[in-house]
Amino acid sequence: MTHRAYNFSAGPAVLPEPVLRIAKDQLLELPDVGASVMEISHRSAAFKDILDGTRGALRELLELPDEYHILFLQGGSRLQFAMVPMNLRAAADQPADYVLTGSWGQKAIDEARLQGAARVAWDGSGDGYRRIPTPAQLDLDPGAAYVHFTSNETIEGVQFAREPDPGSAPLVCDASSDFLSRPIDTTRYGLIYACAQKNAGPAGVTIVLIRDDLVQRSPRTVPRMLSYQVHADHESLFNTPPTFAIYMVGLVARWLLDDVGGLAVMDQRNRSKAKILYDAIDQSEGFFRGHADPSCRSLMNVTFRLSTPELEKAFVQQAAEQGMVALAGHRSVGGIRASIYNAMPVEGVETLGQFMRDFCRRHA
Ligand code: PMP
């Protein structure tokens, strides 16, 4: 008997219960290995099977063509903010375009600017990051090394319904908080990165999908640990990779393939979960005020405010007493944030939706 709460954490976040059960069963001993995954060499045949299996499951889920490498790196998505410009710019003065739809995009461009030129191709900060640009609003430089965007802004709860058109430059995506939540046309991207700790596994590994021609861009002067080319050449075994986290990502990917039935099914589930909460907001007659413009609402992080910080505090506290935890908004913006990633069961979202209606009735 477990007493797992409905966990609305933005990350590290809820993992699928069947995955946790397999990991628990195999914690002392992987089948036919006699040791746990944390106790074997990253160069052993047993770990090679796990690494190949994780890569294979991700490739199948995403229908990823052969010309893309799948890398398992460390340093979180924050390190990708630095590795992307370090590896993809031909020279420090070659500009890179950034589409700013939230706080994480801003942090990404700040990092790129430590190394060279980075342009703002669209800036959503003026109205507090509530929307994404229309295609006509993008101001792209045809000479840009790449165009960077954040598919889902975890803090503000603003998501691209589909990827922007980068023109002739390769498209680079920070997909940290909506990776594996829906099908995407990977061929439209040059590089996609995502830390694992929202939809794909535990903290400790960052997944990078990168097209082979971009791997070839890594300058030889880049420190080897920070070079896409080095990691691709060594198939993510240049140094000791985060073996347990990679194993867990493999289990999550198999869960998506075998139990859920793929990303299209997952997308449908995520849409119906998000609708429950947005309906509760929209039908509250202004008691709950959603942050994102309705056309740009995130299916992963539902952000809203109540009329006073006191009321928000009471909301978070009473929800926790009823087994719904981690609902406070990011420390930088406050309010409420319900993160409803793949592994959040629909029952958890229904319970929260009902709580919202009850809370509104009691306090409106
Ligand atoms: N980008 C986005 C969209 C995120 O949500 C996060 C983490 N919340 C990051 C980047 C940073 O990831 P990490 O903490 O793994 O460096």
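*Asks:* Where do I start with unusual backbone geometry in this structure?
*Replies:* What you tend to see is this: most non-glycine residues have negative phi, and most peptide bonds are trans. With an omega of -10°, the peptide bond running from Gly 11 to Pro 12 counts as cis. Residue position: Pro 12 is located in the loop between strand 1 (6–7) and helix 1 (17–25). Even without glycine at this site, Ser 236 takes up a positive phi of about 65°. As for its placement among the helices and strands, Ser 236 is situated in the loop between helix 6 (228–233) and helix 7 (243–260). At Glu 285, a residue that is not glycine, the phi angle is positive and equals roughly 55°. The residue Glu 285 is located in the loop between helix 8 (263–282) and strand 11 (289–290) in this model.

*Asks:* What exactly am I supposed to notice about the environment of Met 225 here?
*Replies:* Assignment of secondary structure puts Met 225 in the loop between helix 5 (212–215) and helix 6. Note: C-alpha distance between Met 225 and Gln 74 (151 residues apart in sequence) is 9.6 Å. Apart from the residues lying within four places of it in its own chain, the contact partners of Met 225 are His 231, Phe 238 and Asn 239.

*Asks:* Explanation requested: the site of the ligand in the structure shown.
*Replies:* Taken together, 13 residues lie near the ligand, and Arg 78, Thr 154, Asp 174, Gln 197 and Lys 198 sit nearest. Gln 197 is positioned such that a nitrogen or oxygen atom in its side chain is 3.0 Å from an oxygen atom of the ligand. Surface burial for the ligand is 85%, taken as the share of its 400 Å² of free accessible area covered by protein chains. Across the shell around the ligand, the residue classes tally to three nonpolar, seven polar and three charged.

*Asks:* Can you walk me through helix 3 (residues 76–88) in this structure?
*Replies:* Residue pairs spaced three or four apart in an α-helix point in one direction, given the helix's 3.6 residues per turn. With 13 residues, helix 3 extends 18 Å between its outermost C-alpha atoms, agreeing within 8% with the 18 Å of an ideal straight helix rising 1.5 Å per residue. By the largest-angle criterion, Ala 82 marks the main kink of helix 3, which is about 30°, and a proline, Pro 85, follows within four residues. Those residues of helix 3 that fall on the buried side of the exposure criterion are Ser 77, Gln 80, Phe 81, Ala 82, Met 83, Val 84, Pro 85, Asn 87 and Leu 88.

*Asks:* Honestly, the sheet that holds strand 5 (residues 147–150) in this entry has me stumped. Any pointers?
*Replies:* Strand pairing in a sheet takes place through backbone hydrogen bonds and is either antiparallel or parallel in direction. Taken together, the seven strands give an open sheet; going across it, the order is 2-10-9-8-5-3-4, and neighbouring strands pair in mixed fashion. Bordering the open sheet on either side are strand 2 (68–73) and strand 4 (118–123), each of which pairs with just one other strand. Geometrically, the sheet is characterised by an average inter-axis angle of 20° between neighbouring strands, direction not taken into account. On top of the sheet, helix 2 (residues 45–62) reaches strand 2 and strand 10 (206–211); it is set at about 130° to strand 2, its chief contact. Against the sheet, helix 3 makes contact with strand 2, strand 3 (96–100), strand 8 (171–174), strand 9 (191–195) and strand 10, and its axis sits at roughly 160° relative to strand 9, the strand it touches most.

*Asks:* I tried to follow the domain arrangement of the chain on my own but got confused; where do I start?
*Replies:* Interfaces are often sized by the amount of accessible area the parts lose when they come together. Partitioning the chain into structural domains gives domain 1 (18–260) and domain 2 (262–363). Centre-to-centre separation of domain 1 and domain 2, based on C-alpha positions: 27 Å. With 27 residues of domain 1 at the contact, the number on the domain 2 side is 26 residues. Here domain 1 meets domain 2 over a buried area of about 2200 Å², counting both sides, of which 55% is carbon and sulfur. Taken together, domain 1 and domain 2 are joined by one salt bridge.

*Asks:* Sorry if this is basic, but what is going on with the pattern of salt bridges here?
*Replies:* Pairing is possible between side chains that carry opposite charge, provided their charged atoms lie close to one another. In the structure shown here, the tally under the stated rule is 18 salt bridges. A salt bridge links Arg 131 to Asp 127, with the nearest nitrogen and oxygen atoms 2.9 Å apart. Of the charged contacts, one joins Arg 188 and Glu 163 as a salt bridge, the two residues approaching to 2.7 Å between their closest N and O atoms. Linking Arg 188 in the loop between strand 8 and strand 9 with Glu 163 in the loop between strand 7 (158–159) and strand 8, this pair joins segments that are 25 residues apart in sequence.

*Asks:* Help me understand the sheet that holds strand 11, please; the structure alone is not making it clear to me.
*Replies:* Taken in spatial order, the three strands of this open sheet run 11-12-14, and their pairing is antiparallel. Both edges of this open sheet fall to strand 11 and strand 14 (336–339), since each of them pairs with a single strand only. Pairing of strand 12 (residues 301–305) with strand 14 involves four bridges; the strand directions are antiparallel. The residue bridging Val 302 from the neighbouring strand is Ala 338, located in strand 14.

*Asks:* It is not clear to me how the side chain of Ser 151 should be interpreted in this structure. Could you clarify?
*Replies:* Among the structural elements, Ser 151 can be located in the loop between strand 5 and strand 6 (152–153). When neighbours within four sequence positions are excluded, Ser 151 is seen to be in contact with Val 158, Gln 159, Phe 160, Cys 173, Asp 174, Ala 175, Asp 178 and Arg 182.

*Asks:* So what exactly am I meant to see when it comes to the packing of helix 3 against helix 4 (residues 103–115) here?
*Replies:* The relative placement of two packed helices is expressed as an angle between their axes plus a distance between the axes. At their nearest, the axes of helix 3 and helix 4 sit 8 Å apart, and the two run at 45° to each other. When the axis of helix 3 is compared with that of helix 4, the two are oblique. In this structure, helix 3 meets helix 4 at a crossing whose hand is right-handed. On helix 4, the residues touching Arg 78, Phe 81, Ala 82, Pro 85 and Met 86 of helix 3 are Trp 104, Lys 107, Ala 108, Glu 111, Ala 112 and Gln 115. Its residues assigned to classes, the contact of helix 3 with helix 4 shows seven nonpolar, one polar and three charged.

Parameters and conventions
Residues numbered from 1 in each chain as written. Predicted model: local features only at pLDDT ≥ 70, side-chain atom pairs only at ≥ 80, totals over all residues. Heavy atoms only, no water. Helix = DSSP H or I, 4+ residues; strand = E, 2+ residues; numbered from the N terminus. Contact = heavy atoms within 4.5 Å. Near = heavy atom within 4 Å. Polar contact = N/O pair within 3.5 Å; in protein donor to acceptor, adjacent residues only side chain to side chain. Areas by Shrake-Rupley, 256 points an atom, 1.4 Å probe, with all protein chains shown as cover. Nonpolar A, V, L, I, M, F, W, Y, C, P; charged D, E, K, R; others polar. Expected span 1.5 Å × (residues − 1). Bend = angle between axes of the 7 residues up to and from the residue. Buried < 20%, exposed > 50% of the residue type's maximum accessible area, 1.4 Å probe, protein only. Pairing = 2+ DSSP bridges. Axes fitted to C-alpha atoms, helices over the stretch in contact; angles between N-to-C directions. Domains from an automatic or database assignment. Buried area = accessible area lost by both parts, 1.4 Å probe. Salt bridge = Lys/Arg side-chain N within 4 Å of Asp/Glu carboxyl O. Parallel < 35°, antiparallel > 145°, perpendicular 65-115°, else oblique. Left-handed = near helix turned anticlockwise from the far one by under 90°.

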